[in-house]
Amino acid sequence: MTQNEIFHIGKQALEAQSFSKLLGTKLIEFTIGEVVLEVPITEHVLQQHGFVHGGVIGYAADNALTFVGGSVLGPNVLTAEYKINYVRPAVGEILIARATVISAGKRQAVCRCDVFSIKDGEEKICATAQGTIMTVVSE
């Protein structure tokens, strides 16, 4: 499969997610073992102190983890579990979620994601996550 085909499949998957469309999520990079997602920071994703809501940061990490897991396991995957550490409040214009595969077998992959916020061109880490992505098995 070519790089363009992989990116096209990823873009189609993202466009099929209504929540991702609601947030305006964009697929920036998608290769085997690596993904970069971008979520615009708007007033609609902020909590009462003006920071990006933790659920939106969690969404970005979870989605990036699942995308990158799917890059090595195939498109029929789900998150089995993930853990997230919030490092600092996210403020700015854009969230960037960068995920990589740590280890992969035939049915599951352990992946890592760092989420950054960009304000005035400066990028700061706001969260880091690790998750297990698994293939969906028909019953």
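As shown above, the structure is provided for reference.
Residues numbered from 1 in each chain as written. Predicted model: local features only at pLDDT ≥ 70, side-chain atom pairs only at ≥ 80, totals over all residues. Heavy atoms only, no water.

Engineer: What am I meant to see in the nonpolar core here?
Structural biologist: One broad trend across soluble globular proteins is that nonpolar side chains are buried collectively. Core analysis: the biggest nonpolar cluster contains 35 residues, and V35, V52, I57, L95, C113 and V115 have the highest contact counts within it. Elements with a minimum of two residues in this core: α1 (3-15), β1 (26-31), β2 (34-40), α3 (54-73), β3 (77-86), β4 (94-104), β5 (108-119) and β6 (122-135). With ten residues, α3 is the single largest residue contributor to this core. (Core = buried A, V, L, I, M, F, W, Y, C linked by side-chain atoms within 4.5 Å. Buried < 20%, exposed > 50% of the residue type's maximum accessible area, 1.4 Å probe, protein only. Helix = DSSP H or I, 4+ residues; strand = E, 2+ residues; numbered from the N terminus.)

Engineer: I would appreciate a short explanation of α3 in the present structure.
Structural biologist: Turn by turn, an α-helix covers 3.6 residues, leaving residues three or four places apart pointing in a common direction. Taking 1.5 Å per residue as the helical rise, α3 with its 20 residues ought to reach 28 Å, and the 28 Å between its terminal C-alpha atoms agrees with that figure. In terms of burial, α3 is a largely internal element, 16 of the 20 residues being buried. Just downstream of α3, G74 is the residue with a positive phi angle, here 105°. (Expected span 1.5 Å × (residues − 1).)

Engineer: Can you help me understand the pattern of salt bridges in this one?
Structural biologist: Any two side chains of opposite charge can pair, so long as their charged atoms come close to each other. Per the stated rule, a full pass over the model turns up two salt bridges. Where R98 meets E123, a salt bridge forms, and the shortest distance between an N and an O atom there is 2.9 Å. In this pair, R98 sits in strand β4 while E123 sits in strand β6, placing the two residues 25 residues apart along the sequence. Taking relative accessible area as the criterion, E123 reaches 36% and is therefore assigned partly exposed. One salt bridge in this structure joins D114 and R112, with 3.0 Å as the shortest N-O distance. Here D114 falls in the buried class, since its relative accessible area comes to 16%. By relative accessible area, which is 37% here, R112 ends up partly exposed. (Salt bridge = Lys/Arg side-chain N within 4 Å of Asp/Glu carboxyl O.)

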